[in-house]
Amino acid sequence: MIYQKKVSVGAFLKKGEDFKEGDIMEIANEGKQQPSAYRDGMQDIFLLKTPTKEGNANFNQTTMNGLIDAYGPDSINWIGKKVKAWKVKANVAGKFIDVWYFAHPDAELTEDGFVLPNKVKNTPEAPKTANLEGEDEVRVENIPF
């Protein structure tokens, strides 16, 4: 049988103890992907700095999507950026549990995930349009925000 070494990523922050809902923290590294111990696939682990402690946190896909929208797709650019902790009760496998998310401090939670107010979200499937006062409708595409 062939075995693979498991590499420790360090201590994890304790949800609800080391940080609480609404706390603002700083992303301290570009993240690491490692195989999930609890489900198939990979997990994204980032080092976060709280006002009193530093430790790892698992970023779920909703968190990742919101941070990509807020800070761009390259996580090296996330280092030093702030995130806010969100706690939401969700039905997972028939049980209501606390699910934690990390988002831009100004983001709002909507049915589509975390959205920054006043930021046009440009997706290839549905380019956004803007109606400027006194102008015809203008198509907004491929404009870096």
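Everything below is about the structure printed above this text.
Quick notes on the rules
Residues numbered from 1 in each chain as written. Predicted model: local features only at pLDDT ≥ 70, side-chain atom pairs only at ≥ 80, totals over all residues. Heavy atoms only, no water. Phe/Tyr/Trp six-rings, centres within 6.5 Å; stacked < 30°, edge-to-face > 60°. Helix = DSSP H or I, 4+ residues; strand = E, 2+ residues; numbered from the N terminus. Buried < 20%, exposed > 50% of the residue type's maximum accessible area, 1.4 Å probe, protein only. Pairing = 2+ DSSP bridges. Contact = heavy atoms within 4.5 Å. Polar contact = N/O pair within 3.5 Å; in protein donor to acceptor, adjacent residues only side chain to side chain. Core = buried A, V, L, I, M, F, W, Y, C linked by side-chain atoms within 4.5 Å.

J.: So what's going on with the packing of aromatic side chains? Which residues, and what values?
T.: For the coordinates displayed, the defined rule picks out seven aromatic pairs. Taking the centre distance of 5.2 Å and the plane angle of 85° together, the rings of Phe19 and Trp100 count as edge-to-face. Here Trp100 lies in strand S6 (residues 95-103) and Phe19 lies in the segment before strand S1 (24-27), a separation of 81 residues in the sequence. In this structure, Phe19 and Trp100 share a single accessibility class: buried. For the ring pair Trp86 and Phe114, a centre distance of 5.2 Å and an interplane angle of 65° mean the geometry is edge-to-face. With a gap of 28 residues between them, Trp86 in strand S5 (residues 82-92) and Phe114 in strand S8 (residues 113-115) connect regions that are remote in the sequence. Judged by relative accessible area, which is 17%, Trp86 ranks as buried. By relative accessible area, Phe114 is classed as buried at 7%.

J.: Residues and numbers for the pairing of strand S3 (residues 42-49), please.
T.: By the criterion of burial, S3 is predominantly enclosed, with six of the eight residues buried. When S1 meets S3, the two strands line up antiparallel, connected through two bridges. Across the sheet, residue Ile27 finds its bridge partner in S3, namely Leu48. With four bridges joining them, strand S2 (residues 32-35) and S3 adopt antiparallel strand pairing. Within the sheet, the bridge partner assigned to Pro35 lies in S3 and is Met42. The turn linking S2 back onto S3 is made up of six residues, and Gly41 within it adopts a positive phi angle of 105°. Where S3 lies against strand S4 (residues 54-59), six bridges are found, and the strand directions are antiparallel.

J.: Explain the environment of Ser75 to me, using residue names and the numbers behind them.
T.: Summarising the element assignment, Ser75 is placed in the loop between helix H1 (61-71) and S5. Accessibility expressed as a relative area gives 16% for Ser75, which makes it buried. Spatially, the C-alpha atoms of Ser75 and Gly31 are 7.1 Å apart, while their sequence positions differ by 44 residues. Not counting chain neighbours up to four residues away, the residues in contact with Ser75 comprise Glu30 and Phe46. At a separation of 2.6 Å, a polar atom in the side chain of Ser75 contacts the main-chain carbonyl oxygen of Glu30.

J.: So what's going on with the nonpolar core? Which residues, and what values?
T.: Counting residues in hydrophobic clusters, the biggest one holds 24 residues, and the most contacted among them are Met25, Ile27, Leu48, Phe59 and Phe102. Secondary-structure elements contributing two or more residues to this core are S1, S3, S4, H1, S5 and S6. Top contributing element to this core by residue count: S6, with five residues. In this structure, Met25 is in contact with Leu13, Phe19, Leu48, Lys49, Thr50, Lys81, Lys82, Val83, Ala85 and Phe102, ignoring residues within four places of it in sequence.

J.: Residue-level account of the environment of Ala57, with values.
T.: Within the secondary structure layout, Ala57 lies in strand S4. As a C-alpha pair, Ala57 and Ile45 span twelve residues in sequence and 5.6 Å in three-dimensional space. Leaving out residues up to four positions away in the same chain, Ala57 has contacts with Phe12, Asp44, Ile45, Phe46, Leu48 and Phe102.

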